[in-house]
Each structure stands twice: as C-alpha cells, then as structure tokens.
Amino acid sequence: MTVYGSFPGARPRRLRTTPAMRRMVAETRLHPADLILPAFVREGITEPVPIQAMPGVAQHTLDTLRKAAVEAVGAGVAGIMLFGVPQDEKKDAAGTAGTDPDGILQVAIRAVREEVGDDLVIMSDLCLDEYTDHGHCGVLDADGRVDNDATLERYAEMAQVQADAGVHVVGPSGMMDGQVGVIRDALDQTGHEDVSILAYTAKYSSAFYGPFREAVGSSLRGDRKTYQQDPANTRESMRELALDLAEGADMVMVKPAGPYLDILAKVAESVDVPVAAYQISGEYAMVEAAAEKGWIDRDRAILETLTGIKRAGANMILTYWATEVARDHL
C-alpha cells in the first residue's frame, strides 16, 4: 500500500523501538526504597511455618525474622511491617497479649531493632485482631458489637508498648473512629513524639484478605463490615482522609491496592503527605496461583502490578514480594 505525504504525522512507536528507548522514556520507575515488606512472627515455634494460601511466605521465628530483616536491608527495601501471631491460649476478649510488653509483637520489634537498628524503617501493626479470641479489631460491648471508644483506650496502650519496644512507625489498622488522634496523644504524652503514624485511612472490607486470616491465625467470627469501608464507596474514603490528617497522621494508606487504584489516585492527588498502598494477601495469592498453573508470566505480572500501584500515586508499597523484587529486578 502506498502512503502519501507525512501520514501518519505522529508516530509514538518511535519511542518504543528498543528496550533502552523504553527504559529511557519510562514515566514510572520502581525503586527498592518504594517497597515495604510485611512479615509475620509467630510465638512458640522453632521453625518457620509456611502459609499454605501464600506460597513462599511463612510465619517466622524470631531468628528467621532477624534474617529476613537483614536481607531486606541488603536489597535496599525501605521498611518492614511486623504482625505478631500469639499462641492461641494467650488470646482473650480484650487482646491483652497485644499490650503485654513481652508479647510476641513487642519482642519482635526489639529483635529487629537490635539486628538492623535504623537501617530499616520498623513498622508495627497496631490492632487487636490477632490477639482477641473473637478475632475482631476491638473489644466488644454487651451486645457483641465492637465498642469504638473502649477500643481506642486499648489502642493507646498498644501504641505506648510498641513505641517502648523501639518501633519507628505504628500502623493503626482497625478503622476505629478517632484512632489516629488518640494514638498521637498517647505517643506524645509518653515521650514518643518521634514515632510516626501510618494511618490505614481507606481500608476496605475486601474478599482479598482471605489468605491473611491464615497468616495471622485469625479467630474471627462474623465480619468487619461495621468498621471497614464499603467497597462501593469513594466519598467515604475522602472523609476518612480528611479526618486522619486533621488528627495528625504522618502518612496515609489505601488497602487493598489493586482493586482500589482509583481511590489511591484520588488520595494521592489530594494530600501533601506520603501515600502508601498495601498489596494484600489475596492479590499476592492470585498471581502466585495463576503463575503456578502456567497461566501467566510470574515475574512480569509481579512487576506490572507494582508498577500500576506506583503509577496510581503510591510513594510506598507494602508487598510480600518486596525483598525479591528489590534484589532481583530493580
């Protein structure tokens, strides 16, 4: 076919001709410092326990957690988010293992801090769900509902013991009204003004949390729809964002990441604080399962999902692939 004149006048394909060209003009770049590694540490085990629904992820012992932290530092990963898994017999209605200075999470914080110091930003999940025998993120009232204000008192205690253990950042994930303000006051009044708050600002009630329940040995009965956000809503997230910022959040988060890229983009466009997104267990499990069956290219899919989250506006991404991606692909 003969083409006359200069048609087509624009040829965007010129900038896609070679890998070097595509790399040079790339608009979004992943960096190891964008990544945060979530890690589970389980009390009372002597060997790591593989999480069946999350191939390649395990519940750590204190020793293997130390090793994972060192590996993360070596790969250039920015931070580690710690989740404690207590022994079942230590769970109770008030989640007291979560505020015990010798509880598994506080012990883990101290262990990682001793191992890597300030070379890794040590973050901790500030929530009661791992420690309650009913599995909810707060204490229950006489009717079995989560009591928001009574839960805030427990969160204030948790913030103090986690800060005493040496954490750099607390991550309140329970979606209680007023949690950021109460935690900020508790930290400031106990001499922990330098401890930052990563607010779980938009945490949706998602089907993709399934594998996480295995990871933390959840005892949940019922669901969390009265405190986690409705997946149908957007304005609700923006209201939560305004409240968290007013209460003193240093950073904000959208969780899950992949199904809520529109929310992530709106949040990122609206704030002048760092924005995180959590690529959660179900997102991880889907890629691993499809790759295991040979349906997708695993490495390409991992990088594509992370690039999409970064492109949508995340400054930080919590992902179970953090160390692998930082070490092997960036």
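About the cut-offs
Residues numbered from 1 in each chain as written. Predicted model: local features only at pLDDT ≥ 70, side-chain atom pairs only at ≥ 80, totals over all residues. Heavy atoms only, no water. Helix = DSSP H or I, 4+ residues; strand = E, 2+ residues; numbered from the N terminus. Rg over C-alpha atoms; globule rule 2.2 N^0.38 Å. Buried < 20%, exposed > 50% of the residue type's maximum accessible area, 1.4 Å probe, protein only. Contact = heavy atoms within 4.5 Å. Areas by Shrake-Rupley, 256 points an atom, 1.4 Å probe, with all protein chains shown as cover. Lys, Arg positive; Asp, Glu negative; His and termini not counted. Charge placed at Lys NZ, Arg CZ, Asp CG, Glu CD. Polar contact = N/O pair within 3.5 Å; in protein donor to acceptor, adjacent residues only side chain to side chain. Pairing = 2+ DSSP bridges. Right-handed = clockwise from strand over helix to strand, strands pointing away. Core = buried A, V, L, I, M, F, W, Y, C linked by side-chain atoms within 4.5 Å. Axes fitted to C-alpha atoms, helices over the stretch in contact; angles between N-to-C directions. Parallel < 35°, antiparallel > 145°, perpendicular 65-115°, else oblique. Left-handed = near helix turned anticlockwise from the far one by under 90°. Salt bridge = Lys/Arg side-chain N within 4 Å of Asp/Glu carboxyl O.

A. Region of interest: the overall build of the chain. Scanning the chain from terminus to terminus reveals 11 helices and 10 strands. Rg of the C-alpha trace for the chain: 21 Å, near the compact-globule value of 20 Å for 330 residues, within the 12% margin. Over its C-alpha atoms, taken along the principal directions, the chain stretches across nearly 80 × 45 × 40 Å. Burial statistics for the chain: of 330 residues in total, 51% are counted as buried. Excluding contacts between residues fewer than 6 apart, the proportion of contacts in the chain whose partners are at least 24 apart in sequence is 74%. Working note: accessible area of the chain is about 15300 Å², and carbon and sulfur atoms make up 50% of it. In the chain, 32 positive and 50 negative side-chain charges are present, and the distance between their average locations comes to 11 Å.

B. How the structure looks around the environment of His-60. Assignment of secondary structure puts His-60 in strand 3 (residues 58-60). C-alpha separation for the pair His-60 and Arg-42, spaced 18 residues apart in sequence, amounts to 5.9 Å. Excluding residues within four positions of it along the chain, His-60 makes contact with Ala-39, Phe-40, Val-41, Arg-42, Ile-45, Leu-65 and Ala-68. A distance of 2.9 Å separates the side chain of His-60 from the side chain of Thr-64, its partner in a polar contact.

C. Molecular detail of the pairing of strand 4 (residues 79-85). Of all 7 residues in strand 4, 7 are buried; the element is thus mostly enclosed. Here strand 4 shows a buried face lined by Gly-79, Met-81, Phe-83 and Val-85 and a second buried face lined by Ile-80, Leu-82 and Gly-84. Relative to strand 4, strand 1 (residues 35-42) runs parallel, the two sharing 7 bridges. Residue pairing across strands places Val-41 opposite Gly-84, the latter belonging to strand 4. Taken together, strand 4, helix 3 (residues 104-116) and strand 5 (residues 121-126) constitute a β-α-β crossover, and its handedness is right-handed.

D. Spatial organisation of the nonpolar core. Formed by 92 residues in total, the largest nonpolar core has its most connected members in Ile-80, Leu-82 and Tyr-155. Beyond its immediate sequence surroundings of up to four residues, Ile-80 is in contact with Ile-36, Leu-37, Ala-39, Leu-65, Ala-69, Val-112, Leu-120, Val-121, Ile-122 and Met-123.

E. Summary view of the packing of helix 2 (residues 62-75) against helix 3. Contact geometry of helix 2 with helix 3 gives a least axis separation of 9 Å together with a crossing angle of 45°. Taken together, helix 2 and helix 3 sit at an angle that is classed as oblique. Along this stretch, helix 2 crosses helix 3, giving a crossing that reads as right-handed. Residues Leu-62, Leu-65, Arg-66, Ala-69, Val-70 and Val-73 of helix 2 lie in contact with helix 3, whose contacting residues are Val-107, Ala-108, Ala-111, Val-112, Glu-114, Glu-115 and Val-116.

F. Layout of the pattern of salt bridges. Under the criterion given, the structure shown has 16 salt bridges. Among the ionic pairs, Glu-157 bridges to Arg-154, the shortest N-O distance being 3.1 Å. One end of the pair is Glu-157 and the other is Arg-154, both in helix 4 (residues 148-165) and 3 residues apart, which spans about a single turn. Within this structure, Glu-288, Arg-298, Asp-299 and Glu-324 form a network of salt bridges that share partners.

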